[in-house]
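# Examination of the molecular architecture
Each chain, letter by letter, is given below.
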Amino acid sequence: MKKIGEYTCRGQMPTENEFNRIILFDGRFDTAYRLVEFKIMPRDVKTAANDVTAKLCTDNTGSSDGGIWDWSDNREIAWCSTEVRVSFGPSFTNSTVDPDNLIVEDCYITYGHVSTDSPVNYFLRFEKYDISDSQGALAMVRARSQA
């Protein structure tokens, strides 16, 4: 497996508890992405207690509730929560990314609010790799597997 580049993706999710597709698939099965950084932040950081949770998945067939995490589900590869405690004050973010993740096709992000109803910003950083056919096949099987 040889690193051949990086890709940064950022945007805003308008609707809670719905999967948002992150397009990565380049039509080739000998390249893959590894997620290395995952951050979220509510659009409204002026409101105290504007807390949010999110997860990144390799397919969109599991729970779309960003506040329901299942670390035993291989389709879920990253989880993040952000707490905005006081208006314009510091926020606290906790992010966990499975270091063994490898994405050949697309991935999906979803979020859930704990307190308010506003869109959520996301920031994703991927590394792109040149992989063998067997590595690609194994990554695709794992991406759809629940165990």
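Within each chain, residues carry numbers counting from 1 in the order of the written sequence. Side-chain atom pairs in this predicted model are given and counted only at pLDDT of 80 or more, local residue features only at pLDDT of at least 70, and totals for whole chains, interfaces and linings cover all residues. Based on all heavy atoms of the structure, the side-chain values leave hydrogens and waters out of the count.

The pairing of strand S1 (residues 2–13) with strand S8 (residues 120–130) spans 11 bridges and is classified as antiparallel. Counted as the bridge partner of Met13 is Val120 from S8. Strand pairing follows a simple DSSP-based rule, namely that at least 2 bridges must link the two strands. Helix and strand definitions here come from DSSP, where helices need a minimum of 4 consecutive H or I residues and strands a minimum of 2 consecutive E residues; each element is numbered from the N-terminal end. Relative to S8, strand S3 (residues 31–42) runs antiparallel, the two sharing 11 bridges. For Met41, the partnering residue across the bridge sits in S8 and is Asn121.

Turning our eyes to something else, we now look at the environment of Leu56. On the secondary structure map, Leu56 appears in strand S4 (residues 52–57). For Leu56 and Asn20, which are 36 residues apart along the polypeptide, the C-alpha to C-alpha distance reads 9.5 Å. Ignoring anything within four residues of it in the chain, the contact list for Leu56 reads Leu35, Phe38, Arg75, Glu76, Ile77, Ala78, Cys107, Tyr108, Ile109 and Leu124. Contact between two residues is taken to exist if any of their heavy atoms lie within 4.5 Å; hydrogens are not considered.

Moving on, we come to the packing of aromatic side chains. Paired rings are identified among Phe, Tyr and Trp, the last through its six-membered ring, by centres lying within 6.5 Å, and are further divided according to the angle between planes into stacked (under 30 degrees), edge-to-face (over 60) and tilted (the rest). By the definition in use, this model includes six aromatic pairs. Ring geometry for Phe19 against Tyr108: centres 6.2 Å apart, planes inclined by 80°, an arrangement best described as edge-to-face. Taken together, the positions of Phe19 in the loop between S1 and strand S2 (20–22) and Tyr108 in strand S7 (residues 107–113) put the pair 89 residues apart, joining distant regions of the chain. Three labels apply to residues, based on accessible area from a 1.4 Å probe with only protein chains included: buried if under 20% of the type maximum, exposed if over 50%, partly exposed otherwise in between. The exposure class assigned to Phe19 is partly exposed, which follows from its relative accessible area of 21%. Throughout this description, the term charge over a ring refers to an Arg CZ or Lys NZ atom that lies within 6 Å of the ring centre and within 35 degrees of the ring normal. For the cation-ring pair, Arg34 lies above Tyr129, with the distance from its terminal atom to the ring centre recorded as 5.5 Å.

Below, the discussion takes up the sheet that holds S8. One open sheet accounts for three strands, arranged S1-S8-S3; its pairing is antiparallel. A single partner strand is all that each edge strand has here, and the edge strands are S1 and S3. Within this sheet the neighbouring strands show an average axis-to-axis angle of 15°, counted without direction. All axes here are fitted lines through C-alpha atoms, helices being fitted over the stretch that makes contact, and every angle between N-to-C directions spans 0 to 180 degrees.

Attention shifts here to the sheet that holds S4. Ordered by their spatial adjacency, five strands build an open sheet running S2-S7-S4-S5-S6, and the pairing between neighbours is antiparallel. Every interior strand has two partners, whereas the edge strands, S2 and strand S6 (91–97), have only one. Taken over all neighbouring pairs, the strand axes of this sheet differ in orientation by 20° on average, direction set aside.

Here the focus is the nonpolar core. Nine residue types can take part in a nonpolar core, namely buried Ala, Val, Leu, Ile, Met, Phe, Trp, Tyr and Cys, and a core is a set of them joined through side-chain atoms within 4.5 Å. If you look at the biggest cluster of nonpolar residues, it comprises 22 residues, and the most contacted ones within it are Phe38, Leu56, Leu124 and Phe126. Among the elements of the structure, S1, S3, S4, strand S5 (76–84), S7 and S8 are those that each provide at least two residues to this core. Setting aside residues up to four positions removed in sequence, Phe38 forms contacts with Ala54, Lys55, Leu56, Ala78, Trp79, Cys80, Ser95, Val97, Ile109, Phe123 and Leu124. Residues Ala32, Leu102, Val104 and Tyr129 belong to the second largest nonpolar core, which totals six residues.

Once that is clear, we can look at the pairing of S5. Looking along a regular strand, one sees side chains alternate from face to face of the sheet. Judged by how many residues are buried, S5 sits mostly within the fold: eight of nine residues are covered. Note that S4 and S5 share six bridges and pair antiparallel. Note on S5: the bridge partner recorded for Val52 is Thr82. For S5 and S6, the ladder comprises seven bridges, and the chain directions are antiparallel. When the sheet's bridge partners are listed, Glu83 is paired in S6 with Phe92.

So yeah, pure geometry; function would need other evidence.
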